[in-house]
Every structure is written in structure tokens, then in C-alpha cells.
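Read off the chains here:
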Amino acid sequence: MKQRIITAIIALIIFLPILWYGGWPLEALLVLLAIIAVKELFTMKKHPIRTPEFVLTSFATASLLVGNHFLGSNKATFNYSPFALFLFSAILMLSLTVFRYDRINFDDVAVFILGALYIGVGFNGIIITRNISFSAVLLLFIIIWSTDSFAYLIGRRFGKHKLAPHISPNKTIEGSVGGSLVTALVALVFNFFFQPIALPTIIFIIIVLFISVSGQIGDLVESSFKRYYKVKDSGNLLPGHGGVMDRFDSTFFAMFAFQIVLALLSYY
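**Remarks on the overall build of the protein chain**
Now for step 1: Secondary structure summary: the protein chain contains nine helices and two strands in total.
Now for step 2: Rg of the C-alpha trace for the protein chain: 19 Å, near the compact-globule value of 18 Å for 268 residues, within the 12% margin.
Now for step 3: Seen along its three principal axes, the alpha-carbon backbone of the protein chain occupies a region of about 55 × 45 × 35 Å.
Now for step 4: Taking all 268 residues of the protein chain together, 48% fall into the buried category.
Now for step 5: For the protein chain, the proportion of contacts with a sequence separation of at least 24, taken over those separated by at least 6, is 68%.
Now for step 6: For the protein chain, the computed accessible surface area is about 14,400 Å², with 70% contributed by carbon and sulfur atoms.

Following this line, the structure appears as C-alpha cells:
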């Protein structure tokens, strides 16, 4: 636990100033983390790193993060241009099943393409949210961190019913529900002082709960990955926390959820 806390403090000291500044330093950091996450995926799958498919997967992931800059669009939206680069990479990767048929198959390509989409869009959500405002992206991270912390604390104290015992035996329904409810209160306090999102209170609470639950699902999905590949952690970059995919599992799904919220709000 001590090592976990020390790692978290050091990571926050590095990450928060870059998140506050935004721009190219944030994008560069996220691209680096994304490539490390791709490496973790390949390692979990026991697939070689020094291969064309690793390069293509990394490029596909990065294209979803910063493809706009290379195609002349800097809007804080997920548009067709970076997705075209992603599709180009996916087609090349599928071609490898012909020219490297003895080293890569369709199952491998499916995992790598889905992994690039999962990691790339997840990190891209941080950039999109930061481009709205620093307080908006900070609110999302507060929702994620608060849910994780209070679900753990409440689960330890009151947890009796297992949430997903076949995937993550220590998580409980009481912890999950309690973590989300307390997080809604924390988010309300934050929104009262900084108001990154001006919405009616009931709508705001529903959005926070949706993001909180989505983050918890992301945590369980990552646990399912690790169960399937029979590994304890996705990597060892962050002592006490595991790898990049371990640390950002909830973040990816929370960002997916927030993009859905933004789409719905813009529609209405």
C-alpha cells in the first residue's frame, strides 16, 4: 500500500501540471503512454514486439490521438480524418496475414485492431475533454478516482455481496453502489465551486452516475483481459499499480461514456 501511495503521488505531480497546461505536452505524454499500453497488450498476448504489426498497431493508436494535426484539423471532435489513418493501418495489418501468414493470423489482427481502437479512443477522450476546459477534464478524473477510492473503502467496511466473483473477487455490490453515490456528492461539490458543466442538478447527477458506473465496468473489463491472458498486471511501469492499461482502465470507459454524453447534449 505504501508503494502504491508513493507511486500515485509521484504520478500526480508529473501528470496534473501537464494536464493543466494541455496542448502538445499532454498529447506527447498520451501518445507515449498509448504506445506503452500497446506494448503491454502485445506482451499479455505473448506476441513479439519487434514486428510490423506492433508498428502498425502503434501508428493506428496514435492516429486516433493526434491524427488531426497531420490532416489539418485541430477541432476538439472525433472526426473522419484520424479514423481514416486508423483504417489504413488496419488494412495493412490485415494484409500481413497474407505475407506473414506463418507469424500472424486473423485472431491476432482482430485483437490488435480492437486494442488500438480501445486505447486510442480512450486517450483521445482525455484530449477532447481537456480542450473543453481544465475543470471539465479534472471533474472526470475526480469522478474516476473518487469512485475507485470510495468503492474500495465502502466495500471493505460493508461489502457482503460479490459484484463479479469470477473476474474480480474482491469487488462488492455495496462498494460499487456506495462508491458511485458518494462520488455523485463529491462531483456536486466540485461543480458548485468550479461549474465545468452547467446543467440542472438532476441531469448532472445522472451523468456523473453514468460515468462512474462506466468506469467501474472498464475496471472489470481490464480484469477480464488479465484473467483471459493469465497475468496479474498488464505491466510494471507503475509500482503498486501495474501498467498503463491497469491505471487507465476506468479512464478509457469513463471517457467513452462522456463522449456519449457530449453527443446527446449536442443533439438536444
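**Overview of the confidence of the model for the protein chain**
Now for step 1: On average, residues of the protein chain carry a pLDDT of 91, and 94% of them reach 70 or more.
Now for step 2: For residues 71-79, every residue scores under 50 in pLDDT, and the model assigns this stretch 17 contacts once sequence neighbours within four places are set aside.

**Quick word on the pattern of salt bridges**
Now for step 1: Applying the stated criterion to the full structure yields six salt bridges.
Now for step 2: A salt bridge links Arg-247 to Asp-148; the nearest nitrogen and oxygen atoms lie 4.0 Å apart. Of this pair, Arg-247 sits in helix 9 (residues 244-267) while Asp-148 is found in helix 6 (residues 134-158), placing the two residues 99 residues apart along the sequence.
Now for step 3: Its relative accessible area of 25% is what places Arg-247 among the partly exposed residues.
Now for step 4: Among the residues examined, Asp-148 registers a relative accessible area of 32% and is labelled partly exposed.
Now for step 5: Its salt-bridge partner being Asp-219, residue Lys-171 comes within 3.4 Å of it at the nearest N-O pair. With a gap of 48 residues between them, Lys-171 in strand 2 (residues 168-172) and Asp-219 in helix 8 (residues 201-229) connect regions that are remote in the sequence.

**Observations regarding the side chain of Glu-53**
Now for step 1: Summarising the element assignment, Glu-53 is placed in helix 3 (residues 52-70).
Now for step 2: Glu-53 sits in the buried class, given a relative accessible area of 0%.
Now for step 3: One polar contact links Glu-53 to His-47, side chain to side chain, over a distance of 2.7 Å.
Now for step 4: When sequence neighbours within four positions are dropped, the list of residues in contact with Glu-53 reads Phe-42, His-47, Met-93, Leu-96, Arg-100, Arg-103, Ile-104 and Phe-112.

So, how was this worked out
- Residues numbered from 1 in each chain as written.
- Predicted model: local features only at pLDDT ≥ 70, side-chain atom pairs only at ≥ 80, totals over all residues.
- Heavy atoms only, no water.
- Helix = DSSP H or I, 4+ residues; strand = E, 2+ residues; numbered from the N terminus.
- Rg over C-alpha atoms; globule rule 2.2 N^0.38 Å.
- Buried < 20%, exposed > 50% of the residue type's maximum accessible area, 1.4 Å probe, protein only.
- Contact = heavy atoms within 4.5 Å.
- Areas by Shrake-Rupley, 256 points an atom, 1.4 Å probe, with all protein chains shown as cover.
- pLDDT = per-residue confidence, 0-100.
- Salt bridge = Lys/Arg side-chain N within 4 Å of Asp/Glu carboxyl O.
- Polar contact = N/O pair within 3.5 Å; in protein donor to acceptor, adjacent residues only side chain to side chain.

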